[in-house]
Amino acid sequence: MASRGSQQQQGEAVDLTTLTAQQLSAVKKQLDGEVEHLSSSYAQLAAAQAKFKECLRVVKSGSSTFDKDKSILVPLTNSLYVKGQLADPDRVLVDVGTGFYVEKDTRSASEFYEAKIKELAGNIQGLEGIVQAKTNNLRVVEEVLRQKVVAQGSADGAAGQAS
């Protein structure tokens, strides 16, 4: 049963030369959509990883550079900041997802961000392999489709000359 599930997940191998040009076009369109979606997901994961790296950089440099009496800009949104002061430079609020924040000391916050960065790196690496495999499949389908169209054009040309 496990092999059946993995076979369904990976799909069955199909000899592309047995497909018609119309079927190959449909396969190409599906692969184009998948590659586009996966590439978009890859970009989103890379952006999230960059955000976590920036948070880690700030947390690591923050406790030594922040002063209780010094005012800072606190981000409320991506484009809205308000003036504020740190009550305790060694404690920070960490966004743990979906709008929830947890107060942590800077060491714990650093560990949290490092774990997130490492997790995203693994996800990005896995997704990169999938994108490459889909892109290679797309190239093969495009090549077979091109050959079918050329062969069909040659056959149509030969049939036209015979008439």
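For the structure, see preceding data.
Residues numbered from 1 in each chain as written. Predicted model: local features only at pLDDT ≥ 70, side-chain atom pairs only at ≥ 80, totals over all residues. Heavy atoms only, no water.

Draft legend 1. Summary view of the packing of aromatic side chains. This model, assessed by the stated rule, comprises two aromatic pairs. Taken together, a centroid distance of 5.9 Å and an interplanar angle of 40 degrees make the contact between Phe-52 and Tyr-113 tilted. Taken as a pair, Phe-52 in helix 2 (residues 21-65) and Tyr-113 in helix 3 (residues 106-162) lie far apart in primary sequence, 61 residues in all. On the basis of relative accessible area, Phe-52 is assigned to the buried category, the value being 19%. Arranged with centres 5.4 Å apart and planes meeting at 70 degrees, the rings of Phe-112 and Tyr-113 form a pair that is edge-to-face. You'll find Phe-112 and Tyr-113 in the same group, each marked buried. One aromatic cluster in this structure is built from Phe-52, Phe-112 and Tyr-113. (Phe/Tyr/Trp six-rings, centres within 6.5 Å; stacked < 30°, edge-to-face > 60°. Helix = DSSP H or I, 4+ residues; strand = E, 2+ residues; numbered from the N terminus. Buried < 20%, exposed > 50% of the residue type's maximum accessible area, 1.4 Å probe, protein only.)

Draft legend 2. Seen up close, unusual backbone geometry. A positive phi angle, close to 45 degrees, is found at Thr-98, a residue other than glycine. Relative to the elements of secondary structure, Thr-98 occurs in the loop between strand 3 (91-97) and strand 4 (100-105).

Draft legend 3. A look at the nonpolar core. Core analysis: the biggest nonpolar cluster contains nine residues, these being Phe-52, Leu-56, Val-59, Val-94, Ala-109, Phe-112, Tyr-113, Ile-117 and Leu-120. Every element with two or more residues in this core is listed here: helix 2 and helix 3. In terms of residue count, the dominant contributor to this core is helix 3 (five residues). In this structure Tyr-113 touches Phe-52, Cys-55, Leu-56, Val-59, Val-94 and Asp-95, once residues within four positions along its chain are discounted. One finds Leu-16, Leu-31, Leu-138 and Val-144 within the second-largest nonpolar core, a separate group that totals eight residues. (Core = buried A, V, L, I, M, F, W, Y, C linked by side-chain atoms within 4.5 Å. Contact = heavy atoms within 4.5 Å.)

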